[in-house]
Amino acid sequence: MAVTLTTPNTLLGALQPKGETARLATNIGIVVLGSLLLTLSAKINVPVWPVPVTLTTFAVATLAAAFGWRIGVATVALYLMQGAAGLPVFATGGGMAYLLGPTGGFLLAYLPMAYIIGRAADLGASNRPLALFGAMLLADAVLFVFGFLWLLTLAGQAGWIDQANPVVSAYERAVQPFIVWDILKMALAALTVTGAWQIVKGKA
């Protein structure tokens with residue numbers, strides 16, 4: 001039975017070896033390498049509170065678009081498991097306490113983000129910049145909604161939230177400052193993947 005974890009519409013699908021065993025080994029290696037890249041992207045950050053500015057959304061979007069949804073989600077899942085196990089893979093640490101803290105909603109939302117973008121790539125968006133960018137914006141919006149709702153569940157315990165108006169306070173402190181930057185990151189991720197796709201197809 002063939003191991004089909006990505007499609008020929010993705011960069012990984014176009015470049016991976018033909019043999020089933022080699023393809024499986026490549027996929028496993030890609031997941032591990034991808035989790036390391038996510039760690040690196042998290043460490044490139046501006047440590048603002050409660051949610052630091054990092055390159056992780058750019059990395060998640062790029063990897064999911066390049067790998068497809070199965071490998072993309074597996075990569076994010078491995079990254080989150082590493083963090084939950086206590087490895088310092090997140091912006092300022094690791095462990096379950098970190099994962100359940102203010103940034104936890106954003107971290108867990110990387111899973112649906114990777115699925116949405118990876119699914120679009122599997123369906124052929126890798127060579128269509130506007131379609132891929134649109135999928136990335138949708139996925140990023142899901143991430144913001146999930147992260148924002150998570151923050152509201154912590155509002156009663158958080159000193160950084162104005163308890164008189166927690167909804168506006170959470171939005172202004174942990175969502176609004178990131179919107180423009182994330183749009184730019186999604187645009188760069190879409191251009192990176194579609195540009196790489198054109199190079200790969202040009203050499204085919």
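Being a predicted model, the structure only gives us computed values, none of them experimental.

Analysis parameters
- Residues numbered from 1 in each chain as written.
- Predicted model: local features only at pLDDT ≥ 70, side-chain atom pairs only at ≥ 80, totals over all residues.
- Heavy atoms only, no water.
- Phe/Tyr/Trp six-rings, centres within 6.5 Å; stacked < 30°, edge-to-face > 60°.
- Helix = DSSP H or I, 4+ residues; strand = E, 2+ residues; numbered from the N terminus.
- Buried < 20%, exposed > 50% of the residue type's maximum accessible area, 1.4 Å probe, protein only.
- Axes fitted to C-alpha atoms, helices over the stretch in contact; angles between N-to-C directions.
- Parallel < 35°, antiparallel > 145°, perpendicular 65-115°, else oblique.
- Left-handed = near helix turned anticlockwise from the far one by under 90°.
- Contact = heavy atoms within 4.5 Å.
- Nonpolar A, V, L, I, M, F, W, Y, C, P; charged D, E, K, R; others polar.
- Core = buried A, V, L, I, M, F, W, Y, C linked by side-chain atoms within 4.5 Å.
- Expected span 1.5 Å × (residues − 1).

### Observations regarding the packing of aromatic side chains
Each pair of aromatic rings is reported with the distance of its centres and the angle of its planes. In the structure shown here, the tally under the stated rule is four aromatic pairs. Measuring from ring centre to ring centre gives 5.2 Å for tryptophan 69 and tyrosine 115, while their planes differ by 70°; the resulting arrangement is edge-to-face. On the criterion of sequence distance, the pair formed by tryptophan 69 in helix 4 (residues 69-84) and tyrosine 115 in helix 7 (residues 110-122) is long-range, its members being 46 residues apart. When its relative accessible area of 24% is taken as the criterion, tryptophan 69 is described as partly exposed. Judged by its relative accessible area of 37%, tyrosine 115 falls in the partly exposed class. Aromatic side chains tyrosine 79 and phenylalanine 90 sit 5.4 Å apart centroid to centroid with 85° between the ring planes, which places their arrangement in the edge-to-face category. Of this pair, tyrosine 79 sits in helix 4 while phenylalanine 90 is found in the loop between helix 4 and helix 5 (96-99), placing the two residues 11 residues apart along the sequence.

### Section: the packing of helix 4 against helix 7
The contact between helix 4 and helix 7 brings their axes to 7 Å, and the two run at 160°. With respect to helix 7, the element helix 4 is oriented roughly antiparallel. Between helix 4 and helix 7 lies a crossing whose hand is right-handed. Contacts between helix 4 and helix 7 involve Trp69, Gly72, Val73, Val76, Ala77 and Leu80 from the former and Tyr110, Leu111, Ala114, Tyr115, Gly118, Arg119 and Asp122 from the latter. For the contact of helix 4 with helix 7, a count of residues per class yields nine nonpolar, two polar and two charged.

### Here's the deal with the nonpolar core
By size, the foremost hydrophobic cluster in this structure holds 51 residues, and its most contacted members are Phe90, Met113, Ile117, Leu132 and Met136. In this structure, phenylalanine 90 is in contact with Ala42, Lys43, Tyr79, Leu80, Gly83, Ala84, Tyr98, Leu99 and Leu107, ignoring residues within four places of it in sequence.

### Observations regarding helix 4
If you check helix 4, its first and last C-alpha atoms are 22 Å apart, about what 16 residues at 1.5 Å a residue would give, namely 22 Å. Taken together, the buried positions of helix 4 are occupied by Ile71, Gly72, Thr75, Val76, Tyr79, Leu80, Gln82 and Gly83. Considering only its buried residues, helix 4 is in contact with helix 1 (11-15), helix 2 (20-43), helix 3 (56-67), helix 5, helix 6 (104-108) and helix 7. In the stretch just after helix 4, glycine 86 is the one whose phi turns positive, near 110°.

Honestly, it's all geometry; don't read function into it.
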